[in-house]
Amino acid sequence: MPDGIAQEDAEAFARSLEVSLSKGDAAPFIRAMDWSALTDRILKDIPEHRGEPAYKRNDLYQSLSKSGGICKSIADKVTQGGAYQFLRFKADPPRLMFRLVDPEGGLDYHDLYLTRDSGGAIRIGEMFLYHFGETLTDGLRKTLVPEEYVGGKNSYGVMMSDVVRILFRENVTYIQMMFSSYEEGKYQRTLDIYDSLPKELRTTKSLQILRLQAAQKLGDPHVYAFVLADLRNQMAGDACVEFLSLDYFFNHHQFGDALECLDRIDRIVGSDVYLNVFRSMALLQTGKHEEARNRLQEAIQKEPRLRNDPTFQAMEQRLSRPIPVNRPPVGN
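On a predicted model such as this, the values are computed, not experimentally measured, just so you know.

Visitor: An account of the pattern of salt bridges is requested, with residue identities and associated values reported.
Guide: Per the stated rule, a full pass over the model turns up 22 salt bridges. With a shortest N-O distance of 3.2 Å, Asp-111 and Lys-90 are connected by a salt bridge. One end of the pair, Asp-111, is in strand S3 (residues 107–116); the other, Lys-90, is in strand S1 (residues 83–90), with 21 residues separating them in the sequence. The exposure class of Lys-90 is buried, given its relative accessible area of 16%. Across the salt bridge formed by Glu-298 and Arg-295, the nearest N and O atoms sit 4.0 Å from each other. Linking Glu-298 with Arg-295, this pair stays in helix H15 (residues 289–302), spanning three residues, or about one helical turn.

Visitor: Now, about the pairing of S3: what can you tell me, with residues and values included?
Guide: Burial of S3 is extensive: seven of the 10 residues sit out of reach of the surface. Bridge analysis of strand S2 (residues 95–101) against S3 gives seven bridges, and the strand direction is antiparallel. In the sheet register, Arg-99 faces S3, and the bridge partner there is Tyr-109. What sits between S2 and S3 in their antiparallel hairpin is a turn of five residues, with Gly-105 showing a positive phi close to 95°. Between S3 and strand S4 (residues 122–129), which pair antiparallel and follow one another directly, the connecting turn spans five residues, one of which, Gly-120, has a positive phi of 95°.

Visitor: Now, about unusual backbone geometry: what can you tell me, with residues and values included?
Guide: A cis amide bond links Asp-92 to the next residue, Pro-93, at an omega of 0°. Within the secondary structure, Pro-93 is located in the loop between S1 and S2. Position of Asp-92 relative to the elements: it lies in the loop between S1 and S2. Exposure remark for Asp-92: the relative accessible area of 59% places this residue in the exposed category. For His-253, which is not a glycine, the phi torsion comes out positive at approximately 60°. Tracing the backbone through its elements, the reader meets His-253 in the loop between helix H12 (241–251) and helix H13 (255–269).

Visitor: Describe the packing of aromatic side chains, listing the residues and the values that go with them.
Guide: In this structure the tally under the stated criterion is 10 aromatic pairs. On the numbers, 5.8 Å between centres and 70° between planes, the contact of Tyr-248 with Phe-249 is edge-to-face. We note that Tyr-248, like Phe-249, is buried. Grouped by ring-pair contacts, the aromatic residues Phe-29, Tyr-84, Phe-86 and Phe-98 constitute a single cluster. If you follow Arg-232 out to its NZ or CZ, it ends over the ring of Tyr-248, 4.4 Å from the centre.

Visitor: If you had to explain the nonpolar core to someone new, which residues and values would you point to?
Guide: Of all hydrophobic cores here, the largest spans 59 residues; its most connected members are Tyr-109 and Phe-250. Those residues within four positions of Phe-250 in sequence are excluded, and the remaining contacts are Phe-255, Ala-258, Phe-278, Met-281 and Ala-282. Among the nonpolar cores identified, the runner-up in size contains 37 residues, and Ala-32, Met-33, Ile-124 and Leu-136 belong to it.

Visitor: Help me get a handle on helix H10 (residues 205–218), residues and values and all.
Guide: With 14 residues, H10 ought to run about 20 Å at 1.5 Å a step, and its terminal C-alpha atoms sit 20 Å apart, in line with that. With 10 of 14 residues buried, H10 is to be regarded as a mostly interior element. Gly-219 lies just past H10 and shows a positive phi near 90°.

Visitor: Go over the packing of helix H3 (residues 35–42) against helix H4 (residues 57–67) with me, naming the residues and quoting the values.
Guide: The contact between H3 and H4 brings their axes to 10 Å, and the two run at 130°. With respect to H4, the element H3 is oriented oblique. In this structure, H3 crosses over H4, and the sense of that crossing is right-handed. Side by side, H3 and H4 meet where Trp-35, Ser-36, Leu-38, Thr-39, Asp-40 and Ile-42 of the first sit next to Arg-57, Leu-60, Tyr-61, Leu-64 and Ser-65 of the second.

Visitor: Can you explain helix H16 (residues 310–320)? Please cite residues and give values.
Guide: Three or more residues of H16 are buried, namely Thr-311, Phe-312, Met-315 and Leu-319. End-on, the buried residues of H16 take up no more than an arc of 100°, which puts them together on one face. In H16, those exposed residues whose orientation departs by more than 90 degrees from the buried face are Gln-317 and Ser-320. Where H16 is buried, its residues meet helix H14 (275–285) and H15.

Visitor: An account of the sheet that holds S3 is requested, with residue identities and associated values reported.
Guide: Taken in spatial order, the five strands of this open sheet run S1-S2-S3-S4-S5, and their pairing is antiparallel. Bordering the open sheet on either side are S1 and strand S5 (134–135), each of which pairs with just one other strand.

Visitor: Account for the side chain of Asn-276, with residues named and values stated.
Guide: For Asn-276, the position within the fold is in helix H14. Polar contacts involving the side chain of Asn-276 include one to the main-chain carbonyl oxygen of Arg-295, which spans 3.1 Å. Discounting residues that sit within four places of it in the chain, Asn-276 has contacts with Arg-295, Glu-298 and Ala-299.

Visitor: How would you summarise the environment of Phe-168 if you had to cite specific residues and measurements?
Guide: With respect to the helices, strands and loops of the structure, Phe-168 is situated in helix H7 (residues 160–183). With relative accessibility at 9%, the residue Phe-168 sits in the buried group. Distance in space between the C-alpha atoms of Phe-168 and Leu-144 is 8.9 Å, their sequence separation being 24 residues.

Calculation criteria
- Residues numbered from 1 in each chain as written.
- Predicted model: local features only at pLDDT ≥ 70, side-chain atom pairs only at ≥ 80, totals over all residues.
- Heavy atoms only, no water.
- Salt bridge = Lys/Arg side-chain N within 4 Å of Asp/Glu carboxyl O.
- Helix = DSSP H or I, 4+ residues; strand = E, 2+ residues; numbered from the N terminus.
- Buried < 20%, exposed > 50% of the residue type's maximum accessible area, 1.4 Å probe, protein only.
- Pairing = 2+ DSSP bridges.
- Phe/Tyr/Trp six-rings, centres within 6.5 Å; stacked < 30°, edge-to-face > 60°.
- Lys NZ or Arg CZ within 6 Å of the ring centre and 35° of its normal.
- Core = buried A, V, L, I, M, F, W, Y, C linked by side-chain atoms within 4.5 Å.
- Contact = heavy atoms within 4.5 Å.
- Expected span 1.5 Å × (residues − 1).
- Axes fitted to C-alpha atoms, helices over the stretch in contact; angles between N-to-C directions.
- Parallel < 35°, antiparallel > 145°, perpendicular 65-115°, else oblique.
- Left-handed = near helix turned anticlockwise from the far one by under 90°.
- Arc of directions from axis to C-beta.
- Polar contact = N/O pair within 3.5 Å; in protein donor to acceptor, adjacent residues only side chain to side chain.

On their own, these measurements won't tell you what the molecule is for.
Shown next, in the form of structure tokens:
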């Protein structure tokens, strides 16, 4: 096997992560991430003399490794009632696919790319985040050097990469405030800061995604629907749009489109029976009760552990209720 990681070893590693996270212990996940290699990839070709602390290797490494980054975020969601479940091993290169269901019912998939350290222990060298359609490295790098991810020129003939680089430096304090406001639970302030940024920065993917997350946390369905529709329009053609569109279709009661979207997501992730839970939701809303039951039954037969999933339980309860019968009006 590449990197000397056999499927049996990889799957044992995956199961150990599942167990520790289910017990609320994020430490093994955080230790397994190769923060040093991740830091090197994020800072590749970025000179430290650019001056900002974020570009200094030791500062970034300490920031990522001490906070626990995405590993801590995933662990928190599991603690709050979500689930992080191993689905399958993939070879060439060796990686593990996990499904993340957050406490609000949101869905994502991750590929964890595996390596071995000098002592032979399995480490996570990289992650691919399906909801964002990019690797963890790219997502973090876009926050530091967004100019690398834009092309073309503005109406004055100036390269957009130069425009974004200048604007990013001029607004770095506000961008940092936007992220810190979100972390502090100040979601309206997060949205206000985003709206105050120059339009050239508002199109950067990392800030767009943070805006959407803040709108969802804010709890106002009208704000969330507006931001989701705007983001879906701006990011047309991006790989992450299918995941964004799923929420959009359900919010707008476009259940036929939601079913087609679920089929596309199924193909993207290489099949996951959990998507039948969402199919069941859409089918129930269109009055196809029997088909909705069949989809849910298929899911539990193929993956019995779904019995413990809150979203599955809610759908099972809804489908256990009698089907409403439309009777003709009683005459006078």
